[in-house]
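Chain residues, written in single-letter form:
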Amino acid sequence: MKRIISAVLCLLMIATLFVGCGEKNADLENAAAYLVNMYQKGSKSEPMNLSVDQEVLSVVTVDGKTYEVEWSVKVKEGDKDSVKISESEKDNYVIIDIPDLPEEDILFTAIATVKEKKNTAEAKFEYKVAGINVEGSDDDANTDDATDGTASDNAGNTDTTSKPTNSGNTGNSGNSGNTGNSGNAGNTQLSLVTDTAKILKDAFALGRNETTPYIAQLTGKVVSIDREYNAQYSSISVTMTVEGKNIKCWNMKGTETSKVKIGDTITCRGVIKNFFYDDADTAGDVEFTWDDASQTEVALIKLVAGKVEEKVLSVVDTPVVGTAYKFGFFQTAKNCNYYAIGGMSGYYMATSTSSTVAIDVYLENANGGYYLYTMVEGKKQYMNMEISGTHKNAVYRDTASTVFTYNSSLKTLVTTLDGQECAFSTYGNYYTIGVNVTSKDGYFCHFYK
């Protein structure tokens, strides 16, 4: 009888041991699920397109507990040694390192193994790096062609995730349901074009919310930071100038995006769109932006640090005709100066904190006062004020329409619109230039030298 009882107890112990080995560690599974929530985009049935190195967490904390995460990759198609895990300059991160221009598609699995002592849990991510047929003759990282110029700023810092996508258009649109040269849904592989002249010509000929039917690559100089670096997504939004043309790089990603500053030369790659915020817009923003149809991100390919030597400028009490000045305001809420840099940000004139990229403005004699203008590619662009419905707008035009007088007490130009004295200015926490009445508090634009 004792032998039978002993045998039964032994069997119970063995059964209990197998049940324990088969149980999942709930805490580790939660940590793995956290990584899935962070890095999984879209359906798991399709590989995620990756066009730039991706920083991923090597340590994760969930419910107050910290776990080590070990990343590995398994290439299923393509060059077996093309993808690797590299160290990151940031603490608690590693980099999924992919090649810039693979000759063929690469399909791989990234495996995140969450560890606690001898227990583990895994999260797997399927990725695709598209092989690209390169078209064009420009050097991949020709930084000598970067030029100074003007740029635009994004008033209100609108999030690109809220930007509407265009549907039903024909032509060069990059959205599902479109016909013509479109990047249709289904992760259509787009060719890469590096010919600067072709890209600029195509980009600035795009219609409302149309996209280039290819991935473009341009090198230019950063003239404004439109959205600060986001550590969670390793992204930043900037405006760069390329041969005098201003192009936004919206939510640009890459391992060096945290280092980007005004004056740097960058090489950006992605699909370019002529983005209109709403149907009432008369002009759009030409920008590199996320493309739903081809699942193409905006990627920082190369960064060359620039040196910007800022000159301390002072407000001019009495500006004179024909003299070059900078035009801007001191933003008390941000404790810095902002200067007009040419171009528009929505309905407002774009600015930068850097005087080195600011445009020169001039006074011109007019009947009863002055016109205000800047020079763009050797031609005058007049800075006018216009009434549009219930709004007063600051605009750049080829011809002068607004006669200003100089208000010496405010040290700014003024004119009368709709029976009210108005000036170029801003208010609150804004940093773009609009039109506001002088009877209300605001940051009025001055001439700087």
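All of these numbers come straight from a predicted model, not from anything done at the bench.

**Some details on the confidence of the model for the chain**
Here comes step 1: Counting all residues, the mean pLDDT for the chain is 80, and 80% of those residues have values of 70 or more.
Here comes step 2: Below a pLDDT of 50 lies the segment residues 1–23, which in the model reaches zero contacts outside its immediate sequence neighbourhood of four places, other chains included.
Here comes step 3: Note on residues 137–187: pLDDT under 50 across the span, and 145 contacts to partners over four residues away in sequence or across chains.

**Focus on the nonpolar core**
Within soluble globular proteins, side chains that are nonpolar tend to cluster in buried spots.
Here comes step 1: Judged by nonpolar contacts, the single largest core of 31 residues is most densely connected at Leu218, Val238, Met252, Ile266, Ile272 and Phe288.
Here comes step 2: Elements with a minimum of two residues in this core: α3 (196–203), β11 (215–230), β12 (235–242), β13 (245–253), β14 (265–275), β15 (285–289) and β16 (299–304).
Here comes step 3: Those residues in contact with valine 238 that sit more than four places away from it in its chain are Val222, Ser224, Ile225, Asp226, Ile247, Lys248, Cys249, Met252, Val260 and Ile266.
Here comes step 4: Grouped together as the second largest cluster of nonpolar side chains are 30 residues, Val36, Val60, Val62 and Val75 included.

**Observations regarding the packing of aromatic side chains**
Here comes step 1: Enumeration according to the criterion identifies 15 aromatic pairs in this entry.
Here comes step 2: Between the aromatic rings of tyrosine 338 and tyrosine 431, the centroid separation amounts to 5.5 Å while the plane-to-plane angle is 15°, which identifies the pairing as stacked. Here tyrosine 338, found in strand β18 (residues 336–345), pairs with tyrosine 431, found in the loop between β26 (420–426) and β27 (434–437); they are 93 residues apart in sequence, far enough to count as distant. Considered together, tyrosine 338 and tyrosine 431 belong to a single accessibility category, that of buried residues.
Here comes step 3: Judged by centre distance (5.4 Å) and plane angle (70°), the rings of tyrosine 427 and tyrosine 430 are edge-to-face.
Here comes step 4: What makes tyrosine 427 partly exposed here is its relative accessible area of 44%.
Here comes step 5: Overall, tyrosine 430 belongs to the partly exposed group, its relative accessible area being 42%.
Here comes step 6: Through a chain of ring-to-ring contacts, three or more aromatic side chains come together here, namely Tyr325, Phe327, Phe404, Phe424 and Phe447.

**Thoughts on the sheet that holds β18**
Here comes step 1: Taken in spatial order, the four strands make up an open sheet running β19-β18-β17-β29, and their pairing is antiparallel. Two strands lie at the open edges of the sheet, namely β19 (348–352) and β29 (446–448), each paired on one side alone. Within this sheet the neighbouring strands show an average axis-to-axis angle of 55°, counted without direction.
Here comes step 2: The pairing of strand β17 (residues 326–331) with β18 spans four bridges and is classified as antiparallel. Note on β18: the bridge partner recorded for glycine 328 is tyrosine 339.

**A few points about the pairing of β19**
Here comes step 1: Counted residue by residue, β19 has four buried out of five residues, so it is predominantly covered.
Here comes step 2: Bridge analysis of β18 against β19 gives four bridges, and the strand direction is antiparallel. Across the sheet, the residue bridging to serine 345 is tyrosine 348, located in β19.

**Some thoughts on the side chain of threonine 289**
Here comes step 1: Relative to the helices and strands, threonine 289 resides in strand β15.
Here comes step 2: In this structure, threonine 289 is in contact with Trp250, Val271, Lys273, Thr296 and Val298, ignoring residues within four places of it in sequence.

**Topic: a negative patch on the surface**
Here comes step 1: Together, Glu77, Asp79, Asp81, Glu103 and Glu104 make up a negatively charged patch on the protein surface.
Here comes step 2: Mapping aspartate 81 onto the fold places it in the loop between β4 (65–77) and β5 (84–87).

**Re the pairing of strand β21 (residues 369–376)**
Here comes step 1: Summarising the sheet, strand β20 (residues 361–366) and β21 pair through six bridges and their orientation is antiparallel. Pairing of leucine 363 across the sheet is with leucine 372, part of β21.
Here comes step 2: Between β20 and β21, which pair antiparallel in sequence order, lie two residues; one of them, glycine 368, sits at a positive phi of approximately 90°.
Here comes step 3: Two strands pair when backbone bridges link them, and β21 and strand β22 (residues 379–388) are joined in this way by four bridges, in the antiparallel orientation. By the bridge assignment, valine 376 is partnered in β22 with lysine 379.
Here comes step 4: Linkage of β21 to β22, two consecutive antiparallel strands, is achieved through a turn of two residues, within which glutamate 377 is found at a positive phi near 50°.

**Points about unusual backbone geometry**
Excluding glycine, residues mostly have negative phi values, and the peptide bonds linking residues are mostly trans.
Here comes step 1: A positive phi angle, close to 60°, is found at lysine 117, a residue other than glycine.
Here comes step 2: Along the chain, lysine 117 turns up in the loop between β7 (106–116) and β8 (119–129).
Here comes step 3: By relative accessible area, lysine 117 is classed as exposed at 84%.
Here comes step 4: In this structure, asparagine 209 is a non-glycine residue whose phi angle is positive, near 60°.
Here comes step 5: Within the element layout of this structure, asparagine 209 appears in the loop between α3 and β11.

**Quick word on the pattern of salt bridges**
Here comes step 1: In the structure shown here, the tally under the stated rule is 17 salt bridges.
Here comes step 2: The salt bridge involving lysine 253 is made with glutamate 297; its shortest N-O contact spans 3.2 Å. Placement of the pair is lysine 253 in strand β13 and glutamate 297 in the loop between β15 and β16, with a sequence separation of 44 residues.
Here comes step 3: Judged by its relative accessible area of 17%, lysine 253 falls in the buried class.
Here comes step 4: When the shortest N-O distance is used, the salt bridge between lysine 380 and glutamate 364 registers 2.6 Å. Taken as a pair, lysine 380 in strand β22 and glutamate 364 in strand β20 lie far apart in primary sequence, 16 residues in all.
Here comes step 5: Overall, lysine 380 belongs to the partly exposed group, its relative accessible area being 34%.
Here comes step 6: Note on glutamate 364: relative accessible area 18%, which makes it buried.
Here comes step 7: Among the charged side chains, a network of salt bridges with common partners joins Asp27, Lys65 and Glu116.

**Things to note about the sheet that holds strand β23 (residues 391–397)**
Here comes step 1: Strand order in the open sheet formed by four strands is β20-β21-β22-β23, and the pairing between neighbours is antiparallel. Every other strand in the sheet has two partners, leaving β20 and β23 as the edge strands with one partner each. With direction set aside, neighbouring strand axes in the sheet form an average angle of 35°.
Here comes step 2: Here β22 runs beside β23; their pairing, made up of seven bridges, is antiparallel.

Rules of the game
- Residues numbered from 1 in each chain as written.
- Predicted model: local features only at pLDDT ≥ 70, side-chain atom pairs only at ≥ 80, totals over all residues.
- Heavy atoms only, no water.
- pLDDT = per-residue confidence, 0-100.
- Contact = heavy atoms within 4.5 Å.
- Core = buried A, V, L, I, M, F, W, Y, C linked by side-chain atoms within 4.5 Å.
- Buried < 20%, exposed > 50% of the residue type's maximum accessible area, 1.4 Å probe, protein only.
- Helix = DSSP H or I, 4+ residues; strand = E, 2+ residues; numbered from the N terminus.
- Phe/Tyr/Trp six-rings, centres within 6.5 Å; stacked < 30°, edge-to-face > 60°.
- Pairing = 2+ DSSP bridges.
- Axes fitted to C-alpha atoms, helices over the stretch in contact; angles between N-to-C directions.
- Patch = residues over 30% accessible without salt bridge, like charges linked within 9 Å, V, L, I, M, F, W, Y side chains within 5 Å.
- Areas by Shrake-Rupley, 256 points an atom, 1.4 Å probe, with all protein chains shown as cover.
- Salt bridge = Lys/Arg side-chain N within 4 Å of Asp/Glu carboxyl O.
- Lys, Arg positive; Asp, Glu negative; His and termini not counted.
- Charge placed at Lys NZ, Arg CZ, Asp CG, Glu CD.

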